[in-house]
Amino acid sequence: MPSPHDLDPSTPAIRFEGVEKRFGDNVVLQGLDFEVARGDRVTLIGPSGSGKTTILRLVMTLEEANEGYIFIDGEPLTHTREGGKRVALKERHRNEMRKRIGMVFQQFNLFPNMTVMENLIEAPVHVLGLSKADAVERGRELLARVGLVGKEDAHPSSLSGGQQQRVAIARALAMDPEILLLDEVTSALDPEIVGEVLEILRDVARTTDITMLIVTHEMHFARDVSNRVMMFDGGRVIEQGDPETIFTAPTQERTKSFLSAVLGA
Amino acid sequence: MNDDLSALWAAIPQVLEGMGITVTLTVLGSALAFVVAVVFGLMARSRTLVVRGFARVVIEFFRGTSLVVQLYLFFFVLPQLGWEMSPITAGVLAFGLNYGAYGAEVVRGSIAAVPAGQWEASTALSLSPVHRMRRIIIPQAWALMIPSLNNLLIQLLKGTAIVGFITLFDLTVALDKLRIATDLFFAYGFGLVLYFVLAYILTLGMNALEVRAKHRLGQGESLREALSFRTPDARGSVA
Amino acid sequence: MSWNWDHVWDSLPFLLEGFVQVTLLVTVVSSAIAAVLGLLIAIARRTAPAPIAALLTFVVNFIRMTPIVVQLVFAYFAFLALDALTVGILVFGVHYATYMAEVYRAGIDSVPKGQWEATTALSMSRSRTWRAVIMPQAIRATLPALGNYVISMFKDTPFLIAITVADMVSNALEYGGDHFRYVEVIVLAGVLFLIASYPTSLAIRKLEERIAFTT
Ligand SMILES: Nc1ncnc2c1ncn2[C@@H]1O[C@H](COP(=O)(O)OP(=O)(O)O)[C@@H](O)[C@H]1O
Ligand SMILES: [Mg+2]
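Residues numbered from 1 in each chain as written. Chains lettered and ligands numbered in written order. Predicted model: local features only at pLDDT ≥ 70, side-chain atom pairs only at ≥ 80, totals over all residues. Heavy atoms only, no water.

(A) Quick peek at the interface of chain A and chain B. Contacts between the two partners involve 24 residues from chain A and, on the opposite side, 19 residues from chain B. Carbon and sulfur atoms make up 60% of the area that chain A and chain B hide from each other, which totals about 1,900 Å². Of all residues in chain A, the largest losses of buried area upon contact with chain B belong to A:Phe111, A:Pro112 and A:Asn113, amounting jointly to 27% of the total for that side. In this assembly, chain A and chain B are joined by two salt bridges. For B:Glu120, the salt bridge goes to A:Arg57, with nearest N and O atoms at 2.8 Å. Broken down by secondary-structure element, the contributors of at least two residues to the side of chain A that touches chain B are helix 2 (91-98), strand 8 (101-104) and helix 3 (116-126) of chain A. Considering each element in turn, the side of chain A that touches chain B owes the most residues, three residues, to helix 3 of chain A. Here the residues of the side of chain A that touches chain B are counted per class, giving twelve nonpolar, seven polar and five charged. (Contact = heavy atoms within 4.5 Å. Buried area = accessible area lost by both parts, 1.4 Å probe. Salt bridge = Lys/Arg side-chain N within 4 Å of Asp/Glu carboxyl O. Helix = DSSP H or I, 4+ residues; strand = E, 2+ residues; numbered from the N terminus. Nonpolar A, V, L, I, M, F, W, Y, C, P; charged D, E, K, R; others polar.)

Here's what the structure looks like:
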């Protein structure tokens, strides 16, 4: 498998091609096409139920599309076209693809049976094959980065929501992902600690070249961090562009009304 | 009463012998039941239809056909089909498979009750299914399943009181001998208290396991703290 | 030794006789006793003065944690004036009442505190509160668990062999002893248990899903 750094830089990190996702009769995404270039920070906005979470879950292979194709670095993620037919790829292939992708969840989902450090090193040791010493060292660096030095041996349940989410960010970064998926990572937090988590993500965005796909209602954050905003409605991208344009001069009525609703303006 | 006590004294070897059988059946039966519960509980979650179907048939058979019938199945029927076994073996098999089948449902249910986010976070970290089950899911499911397993363990202990049916000399049979030597209320009062104490000891042990398992998930106090001496007041404020 | 259908057909009426006259009878009557007595215990534990409630709790736990077989034999000798079947029905009723009391207790505890407070705010009487507000909400959630205990009791009825009651399994053993042949009759007894209990537990599972869905 070619290292992503050997790839033609114009190959998009994520590419959706005619993706359709249904839950029973409910068609959530239909004929969805979009690309995310490598190093891009793309924020998905749109009303609740418009399918933003579903898109991230499709990329993380937590859901499977019913039609269409998703490519990561130009490689098919779960399905490929063979002789005009849509063919499911083996679990082993999906596993390899997953290693390039990290995700931070709204509900943190730290492992409660492990300490903070154990959460951070579990996958690096057992999936990436790092030595325990290396993984712990890297874990320490990441803890310092998210401002949690000294919490190595703490149990997740003894941490505040904001601290848990910072550990979850560190845990995702410990896998050194090329793509990071962030699904409303501050929605479960008390308003006064949202800032500390966003500050860390701003720092990650500044200091790395990780491709980010972000779902958030924090429009200031979206504006600071992302270089592109995609507005979803009815399972389609109805408008996209740089944050400045979308937030100040949207062309679509629905974007305008959505923004005025979330910005309370 | 004095006569009763001296008769009890005389009957102590018999009571001990009976209790030995009861404890042996409980220990071996629950050990087998635990293995059956884990194996079939995991098989019942398999994505392969044949594996899952086989597990379901075995579980429903042993849950649905009555413990006593199974006891006779191993004691009378299998020997007639050419599988000779001692009454103890027949008892251990019946208890292990019967309560193991109930336990399999507990195991399956507890695994399913581990929040979806834990499964998804494991996938997002590319942990393999086996690794995920062993390191993430089972430790959390374990804490969930202990109370139900404790119930089953007590049921199993009480269930062993029927092994007199297959000629074993257990505590219940010993009590009948004691009844003849003393009197009904003395013998059975004594015997019920013995069973109660056994059940109580098992429950204490399982509670300790539960405290430890929960503490490992960051819930509640450690086992050492839970066992430490405190005034009723302090305990009241903890609860 | 090969399977002999003749034994199945020969013994079937005899087994069914034990099934109807003892197994089903005990299950139905003892379940009714257990359901009512269990409810009374649960309410008494909530409403009786503390020492009485504590004593009741101890007695309930003692019965729950000791073998029903020992209780059967004990009651059988203690009440020689009663016939064995009656003793069996009473012991099963009382023993399972202690399980069902726990189920009711959990059901009562699951009614939100706000419901009690609302009845106080409306000046409703205690008995009216129990009957019209608490119990209707508590019982619904308890139905599946109660049903599972009925099935469990059904499968425990062969314990009655310990006090000489001729239930289905006892009849199977008698037939087996007479013909030196246990294979078919024991399997048949198991199958009859399965035929009755499996559809019932499926129905309870359905009920469980429906209750979970509508609350
Ligand atoms: N597991 C699921 N089963 C059924 N429907 C689902 C499931 N997940 C999401 N949906 C439906 O898909 C639609 C999009 O959901 P989601 O992607 O979560 O939207 P968003 O994140 O934009 O709020 C919603 O109508 C939701 O009800
Ligand atoms: Mg969402």
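(B) Broad picture of empty space enclosed by the protein. Counted by the stated rule, this structure contains one cavity of 30 Å³ or more. One number sums up the size of the largest cavity: a volume of about 70 Å³. Lining the largest cavity are 13 residues; nearest its centre among them are A:Met103, A:Arg171, A:Ala172, B:Ala124 and B:Leu125. Counting residues per element, the ones that place at least two in the lining of the largest cavity are strand 8 and helix 5 (161-173) of chain A together with helix 5 (116-124) of chain B. Per-element tally for the lining of the largest cavity: the top contributor is strand 8 of chain A, with four residues. When the residues that make up the lining of the largest cavity are grouped by side-chain class, the tally is eleven nonpolar, one polar and one charged. (1 Å grid on protein atoms, 1.4 Å probe; cavity = no way out; pocket = protein on both sides within 12 Å on 5 of 7 lines; lining within 4 Å. Points joined across faces, edges and corners; volume = space filled by probe spheres on them.)

(C) Representation of the pairing of strand 3 (residues 41-45) of chain A within the structure. Residue and element names in this part refer to chain A. In terms of residue burial, strand 3 counts as a mostly covered element, since five of its five residues are buried. As paired elements, strand 3 and strand 10 (residues 211-215) share four bridges and run parallel to each other. Bridging across to strand 10, arginine 41 finds its partner in methionine 212. Across four bridges, the pairing between strand 3 and strand 11 (residues 228-233) is parallel. Note that in strand 11 the partner of threonine 43 across the bridge is valine 229. (Buried < 20%, exposed > 50% of the residue type's maximum accessible area, 1.4 Å probe, protein only. Pairing = 2+ DSSP bridges.)

(D) Geometry of the UniProt feature "transmembrane region" (unreviewed entry) in chain B. All names here are of chain B. Cross-referencing UniProt, the feature "transmembrane region" (unreviewed entry) maps to residues 20-42, 54-78, 152-173 and 185-206 in the present numbering. Helix makes up 100% of residues 20-42 and strand 0%, and the two end C-alpha atoms of the span are 33 Å apart. Secondary structure across residues 54-78 comprises 92% helix and 0% strand; the distance between its end C-alpha atoms is 21 Å. (UniProt positions renumbered as here; feature names shortened; annotations may be inferred.)

(E) Focus on a nonpolar patch on the surface. All names here are of chain B. Where nonpolar side chains cluster on the molecular surface, the patch consists of Val23, Val27 and Leu28 and spans about 230 Å² of accessible area. Inspection of the secondary structure assignment puts valine 23 in helix 1 (residues 2-43). According to the relative accessible area criterion, valine 23 is partly exposed, its value standing at 35%. (Patch = residues over 30% accessible without salt bridge, like charges linked within 9 Å, V, L, I, M, F, W, Y side chains within 5 Å. Areas by Shrake-Rupley, 256 points an atom, 1.4 Å probe, with all protein chains shown as cover.)

(F) Examining the environment of A:Arg81 more closely. Residue and element names in this part refer to chain A. Here arginine 81 is to be found in strand 6 (residues 79-82). Classification of arginine 81 by relative accessible area gives partly exposed; the value is 46%. Considering only alpha carbons, one finds arginine 81 and glutamate 122, 41 residues apart in sequence, at a separation of 35 Å. Each residue touching arginine 81, except ones within four places of it in the same chain, is listed here: Glu17 and Tyr69.

(G) Seen up close, helix 1 (residues 52-59) of chain A. All names here are of chain A. In terms of burial, helix 1 is largely enclosed, as seven of its eight residues are buried. Looking at helix 1, one finds that the buried residues are Lys52, Thr54, Ile55, Leu56, Arg57, Leu58 and Val59. Directly after helix 1, the chain includes threonine 61, whose backbone phi takes a positive value near 60°.

(H) Molecular detail of the sheet that holds strand 2 (residues 26-36) of chain A. All names here are of chain A. Here we have four strands laid out as an open sheet, ordered 2-1-4-5, and antiparallel in their pairing. Two strands bound the open sheet, and with one partner strand each, they are strand 2 and strand 5 (75-76). Across seven bridges, the pairing between strand 1 (residues 14-23) and strand 2 is antiparallel. Residue pairing across strands places lysine 21 opposite leucine 29, the latter belonging to strand 2. Helix 1 contacts strand 1, strand 2 and strand 4 (67-72) of the sheet and is inclined by roughly 115° relative to strand 1. (Axes fitted to C-alpha atoms, helices over the stretch in contact; angles between N-to-C directions.)

(I) Seen up close, the UniProt feature "domain: ABC transmembrane type-1" (unreviewed entry) in chain B. When the UniProt feature table is mapped onto this chain, "domain: ABC transmembrane type-1" (unreviewed entry) is found at residues 19-203 of chain B. Its end C-alpha atoms 18 Å apart, residues 19-203 of chain B is made of 83% helix and 0% strand.

(J) Local environment of the interface of chain B and chain C. Across the boundary between the two partners, chain B contributes 36 residues, which contact 37 residues of chain C. Together, the buried faces of chain B and chain C total about 3,300 Å²; carbon and sulfur atoms form 77% of this surface. Together, B:Gln80, B:Leu192 and B:Phe196 form the three largest contributors to the area buried by chain B at its contact with chain C, with a combined 20%. Run the count over chain B and chain C and you get one salt bridge. A salt bridge links C:Arg205 to B:Glu60; its shortest N-O distance comes to 3.5 Å.

(K) Here's a closer look at unusual backbone geometry. All names here are of chain A. Of note, the phi angle at threonine 61 is positive, near 60°, even though the residue is not glycine. Residue position: threonine 61 is located in the loop between helix 1 and strand 4. Unusually for a residue other than glycine, asparagine 109 sits at a positive phi of about 55°. Its location among the elements puts asparagine 109 in the loop between strand 8 and helix 3.

(L) Main features of the UniProt feature "transmembrane region" (unreviewed entry) in chain C. All names here are of chain C. The UniProt entry lists residues 20-43, 50-70, 76-97 and 185-204 under the feature "transmembrane region" (unreviewed entry), expressed in the numbering used here. Measuring from the first to the last C-alpha atom of residues 20-43 gives 33 Å, for a span that is 100% helix and 0% strand. Helix makes up 100% of residues 185-204 and strand 0%, whereas the separation of the span's terminal C-alpha atoms amounts to 29 Å.

(M) Spotlight on the site of ligand 1. All names here are of chain A. Taken together, Phe23, Asn26, Val28, Pro47, Ser48, Gly49, Ser50, Gly51, Lys52, Thr53 and Thr54 make up the full set of residues adjacent to ligand 1. Measuring from an oxygen atom of ligand 1, one finds a side-chain N or O atom of threonine 53 at 2.6 Å. In the complex, 59% of the free accessible area of ligand 1, which totals 560 Å², lies under the protein chains. Contributing elements (two or more residues each) for the shell around ligand 1: strand 2 and helix 1. For the shell around ligand 1, the class distribution of residues is three nonpolar, seven polar and one charged. (Near = heavy atom within 4 Å. Polar contact = N/O pair within 3.5 Å; in protein donor to acceptor, adjacent residues only side chain to side chain.)

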